Amino acid sequence: MTEIDAEKQKNSRALMWTILLIALVQMAQPAITPGIDQIATDVFPEWSLQTIQTVMSLPSVMSIFAGVITAILVGFGLATKKALVVFGLALMVVTGIAAFVLNTRFWQLIVLNLILGAGFGTFIPHAQSIVFDSFDEKMRQFISGVQFSFINGGGIIMSVVGGFLATIVWYGGYLVMLMALPVLIVAWIVIPKGERIRPRSSGSKGAKLPKDVYYHAVLVFLFIMLHNVGPINLSTHIINGNMGDTATTGIATALMMIGGVVSGMLFPKLSTVFRDNIFPIAFVLQFIAFSMLNLFSYSLSMTLAAMFISGTSTSLFIPRCIFNVSNLTEPSNSATASTLISSVAAGSGGFLSPVIITNLTLAFGGDSTRFRYQFTAIVCLILAGLLLMNNIRRQRKTVPA
C-alpha cells in the first residue's frame, strides 16, 4: 500500500467515524417525548393531548421544509453538504440554549420544536448524502446498519437523560440537545469541504430520480407514521396502566433504542440474506409489539419487551431503504434522494402520525391507547402481507421464463 493509499484509507475511516458520531445525536426526539403527558396535564393543561402530540411532532414537519430548501441550495451550488451538516448541528445546540429562556408560554414550546426540526432537516439528509457519495456498495451496506445502531445508542442516552431531566423541569428534554456541540466541532474538522455541485442545464436528465426512490420514500413514510404511534402514546399508556411515571417512559423508550442497536449490528448480514423481505418482517415485528402493548397493558415487563421488539424493526426497515436508495443515486442527485427519504418521507410520516392515527382512533375507540395500539398493529400486519406479495411479484418478473 502506497503512502497516498494509506492516507486515503485513514481519511475514509475518520469520515466513517464522524458520520457515526453524528448519528449519535440524530435521534434526539426521544429526549422530549417522555414529557408529553406531563406537558399536557401540568404545564399546558388548557390544550388537548392530541394538540400537544402534534406540537411535539413539529420537528418532523419542519425537517421537511428545511430538507427541501437545503437540497435546493446544494442543487444550485449555493452551499456545500459539509456547511449544511455543521449549520444543522448548530441549530440543535441553539435549541438547547433557547430552552433555558423559552419555557413559560405555549408559543415558546412551538418555537423550540421548529428550531429543532430545522436542525434535523439540515444536517441529517446531507450527512446521509455524504455516505452515498463517499463509500462503495459494501461499505454503504455496513454503514447503513451500524449507523442505526449508533442512532439508537444515542437515542438511549437522550431518552434516559431527557426523561430524567423532564422530572426536574418540563423542558429538560430540550436541554439534552447541547450534546450536539462536540459533534459539531468534530464534523467541522473532519468532513472534507467538498465542491459545490455545478447547476445543470434545464435539459439535463442526469439528476432525475429513479422511480424506485419514490417507492422507498412511500415505504419510509408508512413505516415511520405507524412506528411513531408507539413512543408518542407511551407516556399516557404507562401512566393510565399505573406502570410508572415519566422516568419509566424514558426507560421504556431506551429499551426501544436498545432493540435498534441490536438489529442494527446484525443488519449487514440480515440484509444480505433476506434482502427486501426485511420490509414485511419489520412490519410483522411491529404487529407483535403493538399487540403486546394492547394485550398486556398493565404489565410493565411486557410493555418493556414490546418496546424492545418495536425498536428492532426500525433498524431493519430504514437501513434497508437507505441502502437500496444509495444504489440508485449519484453525487448529482444524492442530496435530493437523501432529503426525500430522510426529511420529506420520514418527517411527514412522523408529523402525520398523531394527526392521522390519534384522530382516527379517537373517533372509533375514544382515548384508549390500547385500541390505538391494536388498530396500528392490524394495519402493520396488512402492510406486511401486501409487501410480501409485492416482493414475490417482483421476483417472478426477474426470473427468466
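Residues numbered from 1 in each chain as written. Predicted model: local features only at pLDDT ≥ 70, side-chain atom pairs only at ≥ 80, totals over all residues. Heavy atoms only, no water.

### Brief notes about the overall build of the chain
Right, so step 1: Helix and strand counts for the chain come out as 16 helices and zero strands.
Right, so step 2: Taking 21 Å as the expected radius of gyration for a compact globule of 401 residues, we find that the chain reaches 21 Å, a close match to that expectation.
Right, so step 3: With the principal axes as the frame, the chain shows a C-alpha extent of 65 × 60 × 45 Å.
Right, so step 4: Across the 401 residues in the chain, those meeting the buried criterion constitute 56%.
Right, so step 5: Long-range pairs, those at least 24 residues apart, make up 86% of the contacts in the chain with a sequence separation of at least 6. (Helix = DSSP H or I, 4+ residues; strand = E, 2+ residues; numbered from the N terminus. Rg over C-alpha atoms; globule rule 2.2 N^0.38 Å. Buried < 20%, exposed > 50% of the residue type's maximum accessible area, 1.4 Å probe, protein only. Contact = heavy atoms within 4.5 Å.)

### Some words on helix α11 (residues 229-240)
Right, so step 1: Spanning twelve residues, α11 covers 16 Å between terminal C-alpha atoms, matching the ideal 16 Å at 1.5 Å per step.
Right, so step 2: When you tally the buried positions in α11, you get ten out of twelve residues, the bulk of the element.
Right, so step 3: Within α11 the residues assigned to the buried category are Val229, Gly230, Pro231, Ile232, Asn233, Leu234, Ser235, Thr236, His237 and Ile238.
Right, so step 4: Downstream of α11 by one or two residues, Asn242 has phi in the positive range, about 55 degrees. (Expected span 1.5 Å × (residues − 1).)

### Concerning the nonpolar core
Right, so step 1: Core analysis: the biggest nonpolar cluster contains 54 residues, and Ile22, Leu89, Met92, Leu109, Phe123 and Tyr174 have the highest contact counts within it.
Right, so step 2: The element that contributes the greatest number of residues to this core is helix α6 (residues 106-134), accounting for ten residues.
Right, so step 3: The contact partners of Met92, leaving out residues within four places of it in the chain, are Val25, Ala28, Leu116, Phe120, Phe123, Met158, Met177 and Ala180.
Right, so step 4: Formed by 49 residues, the second largest nonpolar core is a distinct cluster that contains Ala217, Leu340, Ile341 and Ala377. (Core = buried A, V, L, I, M, F, W, Y, C linked by side-chain atoms within 4.5 Å.)

### Topic: a nonpolar patch on the surface
Right, so step 1: A surface patch of nonpolar side chains, about 420 Å² in accessible area, is lined by Val355, Ile356, Leu360, Phe364 and Phe371.
Right, so step 2: For the nonpolar patch, the element with the most residues is helix α15 (residues 334-365), which contributes four residues.
Right, so step 3: Among the structural elements, Leu360 can be located in helix α15.
Right, so step 4: Take Leu360: its relative accessible area is 34%, and that puts it in the partly exposed class. (Patch = residues over 30% accessible without salt bridge, like charges linked within 9 Å, V, L, I, M, F, W, Y side chains within 5 Å. Areas by Shrake-Rupley, 256 points an atom, 1.4 Å probe, with all protein chains shown as cover. Salt bridge = Lys/Arg side-chain N within 4 Å of Asp/Glu carboxyl O.)

### A look at the pattern of salt bridges
Right, so step 1: All told, the structure shown has three salt bridges when counted by the stated rule.
Right, so step 2: The residue Lys81 makes a salt bridge to Asp133 at a minimum N-O spacing of 2.4 Å. Separated by 52 residues along the polypeptide, Lys81 in helix α5 (residues 81-98) and Asp133 in helix α6 bring together distant segments of the chain.
Right, so step 3: In this structure, Arg394 and Asp212 form a salt bridge, with 3.3 Å as the shortest nitrogen-oxygen distance. Of this pair, Arg394 sits in helix α16 (residues 369-398) while Asp212 sits in helix α10 (residues 211-227), and the two are 182 residues apart along the sequence.
Right, so step 4: Looking at Asp212, the relative accessible area reads 31%, which means it is partly exposed.

### Some points on unusual backbone geometry
Right, so step 1: A positive phi angle, close to 55 degrees, is found at Asn242, a residue other than glycine.
Right, so step 2: Assignment of secondary structure puts Asn242 in the loop between α11 and α12 (246-274).
Right, so step 3: Residue Asn242 is classed as exposed on the basis of its relative accessible area of 71%.
Right, so step 4: A positive phi angle is found at Arg275, which is not glycine, with a value near 50 degrees.
Right, so step 5: Among the structural elements, Arg275 can be located in the loop between α12 and α13 (278-295).

### Thoughts on the environment of Gln50
Right, so step 1: Here Gln50 shows up in helix α3 (residues 49-56).
Right, so step 2: What makes Gln50 partly exposed here is its relative accessible area of 27%.
Right, so step 3: Counting along the chain gives 162 residues from Gln50 to Asp212, while the straight-line C-alpha distance between them is 34 Å.
Right, so step 4: Aside from chain neighbours lying at most four places away, what touches Gln50 is Thr358, Asn359 and Leu362.

### Some remarks on the environment of Ala377
Right, so step 1: Inspection of the secondary structure assignment puts Ala377 in helix α16.
Right, so step 2: By relative accessible area, Ala377 is classed as buried at 0%.
Right, so step 3: Along the chain, Ala377 and Met179 lie 198 residues apart, while their C-alpha atoms are 34 Å from each other.
Right, so step 4: Ignoring sequence-local partners within four residues, the contact set of Ala377 consists of Phe287, Phe290 and Ser291.

### Brief notes about the confidence of the model for the chain
Right, so step 1: Mean pLDDT over the chain works out to 86, with 94% of the residues at or above the 70 mark.
Right, so step 2: Scored below 50 in pLDDT, residues 200-206 makes seven contacts in the model with residues more than four places away or belonging to other chains. (pLDDT = per-residue confidence, 0-100.)

### Topic: the packing of aromatic side chains
Right, so step 1: Within the structure shown, the criterion is met by twelve aromatic pairs.
Right, so step 2: Ring centres 5.8 Å apart and planes at 75 degrees place the aromatic pair Phe44 and Trp170 in the edge-to-face group. Residue Phe44 is found in the loop between α2 (36-43) and α3, and its partner Trp170 is found in the loop between α7 (137-166) and α8 (172-175); the two are separated by 126 residues along the sequence.
Right, so step 3: We classify Phe44 as buried; its relative accessible area is 4%.
Right, so step 4: Among the aromatic residues, those joined into a cluster by ring pairs are Phe44, Trp47, Phe106, Trp170 and Tyr171.
Right, so step 5: When the ring centre of Tyr215 is taken as origin, the NZ or CZ atom of Arg394, which lies over that ring, is 5.0 Å away. (Phe/Tyr/Trp six-rings, centres within 6.5 Å; stacked < 30°, edge-to-face > 60°. Lys NZ or Arg CZ within 6 Å of the ring centre and 35° of its normal.)

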